[in-house]
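Listed below, chain by chain, are the residues.
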Amino acid sequence: MQALREANAKGQPIADRVVACLPDGMPGMMSGPFPMEILKSKGQVTIIQEAYTQVRRILLDRRQNAIDAVEPGYYGHSVGHWDGGTLIVDTVGIKENVTYQNVPHSKDMHIKERISPGPNGILRDEITIEDPSILEKPWTFTLGYRRMPDYQLLEYVCEDNREYADEKGVQQIRIPR
């Protein structure tokens, strides 16, 4: 974190996942500034984020796989069930190079969510990250989503060669000549 602050203060930001056109993964995709579409179908809730066209699938009413049986991915393996109007979700199997707010995690990380309607039409997502080998205690935070009924997701493609990292890992911008 200190290295990031110092590089930013010098005006030489360290290239991050965005420069490499990598998706946020979980739980970052749930906190991005871009709109999301949530689709409920039989046996699954699908969340699509506009940025990078990220797609997350929450399989309903299934058992969670053992962590060692899950192929690590950006979004992991999510299973959930309804408890009244609340969707309870458990996610495992996030690639270890996926970070949230620059906090590392181990392969044993669990992300637990409680997604429910909140006041004033806001959809609440209470997220708890559990990873005893990295975190001293569970890390819980709540995100809110405002409904935008007339919005249609736009195509978002990471533009090749817009940004890149130089040989020292410093973020650069390519300017057409």
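Details of the structure are given in the entry above.
Okay, so let's go over this structure. Counting of residues starts from 1 at the beginning of each chain's written sequence and follows it residue by residue. The model is predicted, so local features are restricted to residues of pLDDT at least 70 and side-chain atom pairs to those at 80 or more, both for listing and for counting; the totals for chains, interfaces and linings are taken over all residues. Values reported for side chains reflect all heavy atoms of the structure, with hydrogen atoms and water molecules removed beforehand.

## Some remarks on empty space enclosed by the protein
Here a cavity means grid points, on a 1 Å grid over the protein atoms only, where a 1.4 Å probe fits yet cannot get out; a pocket means an open set of points with protein on both sides within 12 Å along at least five of seven lines; lining residues are those with an atom within 4 Å of a point. Grid points are joined across faces, edges and corners, and a volume is the space filled by probe spheres set on the points. What the rule picks out here adds up to 2 cavities of 30 Å³ or more. Its volume calculated, the largest cavity comes out at about 90 Å³. For the largest cavity, the lining is made up of 14 residues, of which V103, P104, H105, M109 and I129 are closest to its centre. The class makeup of the residues in the lining of the largest cavity is 11 nonpolar, 2 polar and 1 charged. Under this grouping Gly is polar, as are all residues other than the nonpolar Ala, Val, Leu, Ile, Met, Phe, Trp, Tyr, Cys and Pro and the charged Asp, Glu, Lys and Arg.

## With respect to the side chain of S116
Runs of E in the DSSP output that reach at least two residues are strands. Runs of H or I that reach at least four are helices, and both are numbered from the N terminus. The residue S116 is located in strand β6 (residues 110-117) in this model. Burial classification: accessible surface area is computed with a 1.4 Å probe over protein chains only, and a residue below 20% of its type maximum counts as buried, one above 50% as exposed, and the rest as partly exposed. Residue S116 is classed as buried on the basis of its relative accessible area of 15%. The contact criterion used is simple: two residues touch if any of their non-hydrogen atoms lie within 4.5 Å. Beyond its immediate stretch of four places on either side in the chain, S116 contacts G85, T86, I122, L123 and R124.

## Brief notes about the pairing of strand β2 (residues 44-49)
Among the 6 residues in β2, 6 count as buried, and that is most of the element. Burial along β2 is two-sided: the residues Q44, T46 and I48 and V45, I47 and Q49 are all buried. Here strand β1 (residues 36-41) folds back onto β2 in antiparallel fashion, the turn holding 2 residues, of which G43 has a positive phi close to 80°. What makes two strands pair is DSSP finding at least two bridges between them. With 6 bridges connecting them, β2 and strand β3 (residues 54-60) associate as antiparallel partners. When the sheet's bridge partners are listed, I47 is paired in β3 with R56.

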